[in-house]
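# Commentary on secondary and tertiary structure
The lines below spell out each chain.
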Amino acid sequence: MIGYTSVGTNDIARASAFYDELFRIVGGERMMSDDTFVVWSSETAAGGAFMVTLPFDQNSASVGNGVMVAVSVSSTEDVQRVYEKALEMGAVDEGPPGDRGGNFYAAYFRDLDGNKLNAFTWLEEPT
């Protein structure tokens, strides 16, 4: 249903380097870019993509209150790896990896611009 998600940045080079490293863990690669945005996707993303962009209106990027991007990964080990890599690169912890109930396993963090993300997997496929 969702084709892509985008978050804002005030430093495209710094944000791009962060997401290059983060998405490499789960097979994500750049699929499109220019001076104002970069888009990543992977074979397992079912057509979905993630974009970081300078705001179109040329004002400063800001964090959306209540907005979060969830990155689907294939295992609890990948949740841990994404979370640890994000923190290693300067992300801020918003909740360590763990079972959140309902077979949902996730870790939460804020990227270098303060955007909230999580990496998650299902412990068992939801019914």
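The structure this text deals with has already been given above.
Residues numbered from 1 in each chain as written. Predicted model: local features only at pLDDT ≥ 70, side-chain atom pairs only at ≥ 80, totals over all residues. Heavy atoms only, no water.

With that out of the way, let us pick up the side chain of Thr53. Checked against the element boundaries, Thr53 lands in strand 4 (residues 49-53). Looking at Thr53, the relative accessible area reads 17%, which means it is buried. Within the structure, the side chain of Thr53 is placed 3.3 Å from the backbone oxygen of Thr36, a separation counted as a polar contact. (Helix = DSSP H or I, 4+ residues; strand = E, 2+ residues; numbered from the N terminus. Buried < 20%, exposed > 50% of the residue type's maximum accessible area, 1.4 Å probe, protein only. Polar contact = N/O pair within 3.5 Å; in protein donor to acceptor, adjacent residues only side chain to side chain.)

This part is about the sheet that holds strand 2 (residues 29-33). Two pairing modes exist for strands in a sheet, parallel and antiparallel, and in both the strands are linked by backbone hydrogen bonds. Read from one edge to the other, the open sheet built from 4 strands follows the order 1-4-3-2, with strand pairing classed as mixed. The strands lining the two open edges of the sheet, one partner per strand, are strand 1 (4-8) and strand 2. Geometrically, the sheet is characterised by an average inter-axis angle of 25° between neighbouring strands, direction not taken into account. Sheet topology places strand 1 next to strand 4; 5 bridges connect them, and they run parallel. From the neighbouring strand, Tyr4 faces strand 4, where its bridge partner is Ala49. (Pairing = 2+ DSSP bridges. Axes fitted to C-alpha atoms, helices over the stretch in contact; angles between N-to-C directions.)

Our focus in this paragraph is the pattern of salt bridges. What the rule picks out here adds up to 8 salt bridges. Note that Asp20 and Arg30 form a salt bridge whose closest N and O atoms lie 2.9 Å from each other. Of this pair, Asp20 sits in helix 1 (residues 12-24) while Arg30 sits in strand 2, and the two are 10 residues apart along the sequence. A salt bridge links Arg110 to Glu94, with the shortest nitrogen-to-oxygen separation between them at 3.2 Å. (Salt bridge = Lys/Arg side-chain N within 4 Å of Asp/Glu carboxyl O.)

Now for unusual backbone geometry. With a phi close to 65°, Gln58 is a non-glycine residue in the positive phi region. Within the fold, Gln58 resides in the loop between strand 4 and strand 5 (69-72). Looking at Gln58, the relative accessible area reads 74%, which means it is exposed. Even without being glycine, Asn103 reaches a positive phi, approximately 65°. With respect to the helices, strands and loops of the structure, Asn103 is situated in the loop between strand 6 (92-99) and strand 7 (104-110). With a relative accessible area of 30%, Asn103 lands in the partly exposed category.

Attention now goes to the packing of helix 1 against helix 2 (residues 76-88). At a minimum axis separation of 9 Å, helix 1 and helix 2 run at an interaxial angle of 155°. Put simply, helix 1 runs roughly antiparallel to helix 2. Both helix 1 and helix 2 take part in a crossing whose hand is right-handed. Listed contacts from helix 2 to Phe18, Glu21 and Leu22 of helix 1 are Val82, Lys85 and Ala86. Of the residues in the contact of helix 1 with helix 2, the class split is 4 nonpolar, no polar and 2 charged. (Parallel < 35°, antiparallel > 145°, perpendicular 65-115°, else oblique. Left-handed = near helix turned anticlockwise from the far one by under 90°. Contact = heavy atoms within 4.5 Å. Nonpolar A, V, L, I, M, F, W, Y, C, P; charged D, E, K, R; others polar.)

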